[in-house]
Amino acid sequence: MPSYLMGIDNGLTVSKAAIFDLHGREVAVQGHKVALSYPRPAWVERDSETVWQTTAAAIREAIEQAGIDPHDIVGVGNSAHGNGIYLVDKAGAPLGPSIVSMDNRAGAIIDEWSQPGGVREQAFPTTLTNIWAAQPAALLAWFKRNRPELWRQIGHAFPCKDYIKFRLTGSVTSDYSDISGTSLYDSRNRRYSPELLDLYGIGDILPALPPPMESHEVAGRVTREAAHVTGLAEGTPVVGGMFDINASAVGAGVIDEGMLCVIAGTWSINEVVARQPLLDRRILMCTLFAVPGLWLATDSSATSATNLEWFVNNFCYEEKLAAEARGVSVYEVCNEIVAGLPPGGSDVIFHPFLFGSNVQANARAGFYGLGSWHTKAHVLRALYEGVVFGHLDHVNRLRAAGAVMTAARLTGGGARSQVWSQMFADALELPVETPAASEIAALGAAIGAGVGVGVYAGYEDAVAQAVHMLGRYEPQPEATAAYLARFQEYLCLLEAMREPWQRLAKLSD
């Protein structure tokens, strides 16, 4: 009888379910968009019931697409965006809309906590993360201060994937990878810290926080009600699951110390596996890894491949027509244009800050050094390079914090481009491999399920069987020299633009 694994992946805008065979081959994948709402400035929400219903529909449709008996799915793992908060009342019903990881309603609380010697500074040695506004620690403090009537109704406070797991199984659990990224958890001692919660002024929330477990540990089984709406077989085991950045690392086969996982997608995610936690406030966070005994040090910002999507949507009408005539993607046409210039072939510099920045809150994107002799090829190459430089800036912070890197795996939209993948290898000065799978986070979640139900002997065995590489790119010394010289100019421009960005922000106000 054939056996299959299911991986669920809930991003900020899409609920996906994918079915894999035990060799990591994607058998079926389905997804549904979930609209974000912006009820007030800086607020970003989703309807919790809609998140569940779209996830259930994706599961059901993936099973139908695969044409398999649901009983042949031997385990389910799920991953989702970290942080934000999904609240349910004491009866288990959604308590208002969920808040996602782009929300900034608690910004004033973060400003308050960021005073010298304040809450942020005091919490870091325990949490190993830099608290920001969309983390549960800040959001729960906001609810207690601003919505006391709702605060009294809270039964459970979940990360996204644990809310989905609750709807699938009725179990109230989290996992170490997700909960250690919330700033609610004492990661080194693996416990919720009452002292930490009291520091935030939310000590009475402790009974509502889900107890964590290993990502591969069986957390519960699909209930009769969930089976009815998802098409899964009642009693199917569901494991603890993973923070999506962990799932992406596992799905890319990044499970050993010194391996770097680079996700070039909506966000620039740069994460390295370590044996010991990296204690450095210059990086975003250091969390417990889904693979037991290891840590994941991460630095990230919204500065990656989405910059190219914006450029294509606004400035590539001719390239879209050419792509349509050839029956290829417009991004393939862009890759060819960029490949037409050598490394260092454009003296234009781009800051990839259209959607955010790792430099300062009000930083803006910009092309620098444009002249009348420049063409779209020069601008496109500058954009590709600027995205790589944004990642390199994060990776260098990880290196400065003590991370050792021997090899990298590249995932996300950027990994689909050979020219971009080679740029990453050259600029990072590391061999870069690109995985063959397209639904990397879902595969990582499914691998965790496979480990939990015993179809794999462990993560090493699972990766050997289910993770396969599509491409490998070695650093080219001449190209590295060209990119690093341009990267220095990129950094100089960052410093030069700090004050102008402040003035531009005042103009927009």
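Below is a summary of the structure that appears in this document. Just so it is clear, the model here is predicted, and its values are computed rather than measured.

## Considerations on unusual backbone geometry
Okay, so step 1: Positive phi, close to 65°, is recorded for serine 183, a residue that is not glycine.
Okay, so step 2: Looking at the element boundaries, serine 183 is found in the loop between helix H7 (176–179) and strand E10 (185–186).
Okay, so step 3: Assessed through its relative accessible area of 1%, serine 183 is described here as buried.
Okay, so step 4: At glutamate 429, a residue that is not glycine, the phi angle is positive and equals roughly 60°.

## A short note on the pairing of strand E22 (residues 407–411)
Okay, so step 1: Burial analysis of E22 places four of its five residues in the buried class, which makes it a mostly covered element.
Okay, so step 2: Sheet topology places strand E16 (residues 259–264) next to E22; five bridges connect them, and they run parallel. Paired with leucine 260 across the two strands is alanine 408, which belongs to E22.
Okay, so step 3: In terms of strand pairing, E22 meets strand E23 (residues 432–435) through two bridges, oriented parallel. Residue pairing in the sheet places alanine 408 in a bridge with valine 432 of E23.
Okay, so step 4: With helix H15 (residues 418–428) bridging E22 and the parallel E23, this β-α-β connection has right-handed handedness.

## A look at the packing of aromatic side chains
Okay, so step 1: Tallied over the full model, the rule gives 15 aromatic pairs.
Okay, so step 2: When the ring of phenylalanine 389 is compared with that of phenylalanine 487, the centres are 5.7 Å apart and the planes differ by 50°; the resulting orientation is tilted. One end of the pair, phenylalanine 389, is in helix H14 (residues 376–400); the other, phenylalanine 487, is in helix H18 (residues 477–508), with 98 residues separating them in the sequence. You'll find phenylalanine 389 and phenylalanine 487 in the same group, each marked buried.
Okay, so step 3: One aromatic cluster in this structure is built from Trp310, Phe311, Phe315, Phe350 and Phe367.
Okay, so step 4: Against the face of tyrosine 176 rests arginine 190, its NZ or CZ located 4.3 Å from the ring centre.
Okay, so step 5: The ring of phenylalanine 124 is capped by arginine 281, whose NZ or CZ atom sits 5.8 Å from the centre of that ring.

## Topic: the pattern of salt bridges
Okay, so step 1: Summed over the entire model, instances satisfying the criterion amount to 27 salt bridges.
Okay, so step 2: For lysine 165, the salt bridge identified is with aspartate 162, shortest N-O distance 3.0 Å. Within this pair, lysine 165 and its partner aspartate 162 are both found in helix H6 (residues 160–169), separated by three residues, close to a single helical turn.
Okay, so step 3: Lysine 165 gets classed as buried once you look at its relative accessible area, which sits at 0%.

## Considering the packing of helix H12 (residues 317–326) against helix H13 (residues 330–339)
Okay, so step 1: Close contact between H12 and H13 brings their axes to 8 Å; oriented N to C, the two are set at 110°. Taken together, H12 and H13 sit at an angle that is classed as roughly perpendicular. H12 and H13 meet at a crossing whose hand is right-handed. For the pair H12 and H13, the contacting residues are Glu319, Lys320, Ala323 and Arg326 in the first and Val330, Val333, Glu336 and Ile337 in the second.
Okay, so step 2: Residues that form the contact of H12 with H13 fall into these classes: four nonpolar, no polar and four charged.

Reading the values: rules and limits
- Residues numbered from 1 in each chain as written.
- Predicted model: local features only at pLDDT ≥ 70, side-chain atom pairs only at ≥ 80, totals over all residues.
- Heavy atoms only, no water.
- Helix = DSSP H or I, 4+ residues; strand = E, 2+ residues; numbered from the N terminus.
- Buried < 20%, exposed > 50% of the residue type's maximum accessible area, 1.4 Å probe, protein only.
- Pairing = 2+ DSSP bridges.
- Right-handed = clockwise from strand over helix to strand, strands pointing away.
- Phe/Tyr/Trp six-rings, centres within 6.5 Å; stacked < 30°, edge-to-face > 60°.
- Lys NZ or Arg CZ within 6 Å of the ring centre and 35° of its normal.
- Salt bridge = Lys/Arg side-chain N within 4 Å of Asp/Glu carboxyl O.
- Axes fitted to C-alpha atoms, helices over the stretch in contact; angles between N-to-C directions.
- Parallel < 35°, antiparallel > 145°, perpendicular 65-115°, else oblique.
- Left-handed = near helix turned anticlockwise from the far one by under 90°.
- Contact = heavy atoms within 4.5 Å.
- Nonpolar A, V, L, I, M, F, W, Y, C, P; charged D, E, K, R; others polar.

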